[in-house]
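Structural characterization, general
So the chains spell out like this:
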Amino acid sequence: MRRVAIYPGAFDPITLGHLSIVNRSLRVVDDLIIAVAHDSIKKTSFSVEQRCAMIERDIAKYLDYRAYQRVVIKDFKGLLIDFAPQQNAKLIIRGLRTVSDLEYEFQLFSANAKLAPEIETLFLPATDAACFISSTIVKEIARLGGDISKFVSEQTAQTLKQHFQQ
Ligand code: COA
């Protein structure tokens, strides 16, 4: 049986840090569903369609063909633990960047584990370069006309530039 995992997030927008987690997840799972949340606590700058399109473009560029074939992108509404079983996923992947992520991640993990104990969570530590990236910081730099090429793909950087020029 194939091991299916789900990597949820708002991805507003996807960063190189997220791409690194996608890439490394594929070393431990057979299939990965990148689950793009409609319902995030935060207000997003990009529509769910725009966020999915940016992810699609980036994974096509950054993953080799074999890895790319094992990834699907899906948007979801409602609770993650309701969406995961619909996708036959029993594993949630989360990236951990800094110690400050830990508290929030434990809360999320505990809530999900109480609601759906059959679903396991796997944490992957962020690589050095991604430790201090967040989508909000990337957007703030882009909004102020800074260089975000070290944080997002060239294509996403272009999309952000156009978005903030409007
Ligand atoms: N590299 C770089 N940045 C990363 C990263 C990585 N590896 N991993 C996370 N980040 C950034 C994100 O871009 C995000 O930045 P931002 O806060 O500036 O937007 C931040 O870290 C937090 O990311 P994350 O914890 O994944 O939050 P999120 O808002 O992207 O996603 C959901 C949260 C969607 C997973 C969560 O709200 C959810 O599951 N929602 C569905 C409803 C539900 O089931 N809720 C849970 C009830 S307990």
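In this text, all values refer to a predicted model and were calculated from it rather than measured experimentally.

Soluble, globular proteins show a tendency: their nonpolar side chains are buried together. Within the largest apolar cluster, 34 residues are counted, with the highest numbers of intra-cluster contacts made by V22, L32, I34 and I93. Looking at this core, the elements with two or more residues in it are β1 (4–9), α1 (16–25), β2 (31–37), α2 (48–62), β4 (91–96), α6 (135–143) and α7 (154–165). Residues within four places of I93 in sequence aside, it is in contact with A5, I6, Y7, P8, I21, S25, L32, L122 and L124. Counting residues in hydrophobic clusters, the runner-up holds 14 residues, among them I33, I81, A84 and A116.

Now for the pattern of salt bridges. It is possible for side chains of opposite charge to pair when their charged atoms get near one another. Overall, the coordinates contain five salt bridges when judged by the stated rule. Between E105 and R94 there is a salt bridge, and its shortest N-O distance comes to 2.9 Å. Note that E105 is positioned in helix α5 (residues 99–115) and R94 in strand β4, a separation of 11 residues in sequence. One exposure class covers both E105 and R94, and it is buried. Residue D101 pairs with R97 through a salt bridge whose shortest N-O separation is 3.0 Å. Since its relative accessible area comes to 35%, R97 is described here as partly exposed.

A word on the site of the ligand. Close to the ligand lie 25 residues; A10, K42, R94, S135 and T136 are nearest. Take H18: an N or O atom from its side chain is 3.4 Å from an oxygen atom of the ligand. R97 is positioned with one of its side-chain polar atoms (N or O) 2.9 Å from an oxygen atom of the ligand. When each cavity is represented as a set of grid points, the ligand is found to reside in the largest pocket.

Here the focus is the layout of surface pockets. When its volume is computed, the largest pocket comes out at roughly 1100 Å³. Forming the walls of the largest pocket are 41 residues, and the residues nearest its centre are G9, A10, K42, R94 and Y104. Of all elements in the fold, only β1, α1, β4, α5 and α6 reach the threshold of two or more residues within the lining of the largest pocket. Ranked by residue count, the leading element in the lining of the largest pocket is α5, at eight residues. Within the lining of the largest pocket, the residues separate by chemical class into 18 nonpolar, 14 polar and nine charged. Empty space within the second largest pocket amounts to approximately 230 Å³. Partitioning the lining of the second largest pocket into residue classes produces six nonpolar, one polar and four charged.

What counts as what
- Residues numbered from 1 in each chain as written.
- Predicted model: local features only at pLDDT ≥ 70, side-chain atom pairs only at ≥ 80, totals over all residues.
- Heavy atoms only, no water.
- Core = buried A, V, L, I, M, F, W, Y, C linked by side-chain atoms within 4.5 Å.
- Buried < 20%, exposed > 50% of the residue type's maximum accessible area, 1.4 Å probe, protein only.
- Helix = DSSP H or I, 4+ residues; strand = E, 2+ residues; numbered from the N terminus.
- Contact = heavy atoms within 4.5 Å.
- Salt bridge = Lys/Arg side-chain N within 4 Å of Asp/Glu carboxyl O.
- Near = heavy atom within 4 Å.
- Polar contact = N/O pair within 3.5 Å; in protein donor to acceptor, adjacent residues only side chain to side chain.
- 1 Å grid on protein atoms, 1.4 Å probe; cavity = no way out; pocket = protein on both sides within 12 Å on 5 of 7 lines; lining within 4 Å.
- Sits in = over half its atoms within 2 Å of the grid points.
- Points joined across faces, edges and corners; volume = space filled by probe spheres on them.
- Nonpolar A, V, L, I, M, F, W, Y, C, P; charged D, E, K, R; others polar.

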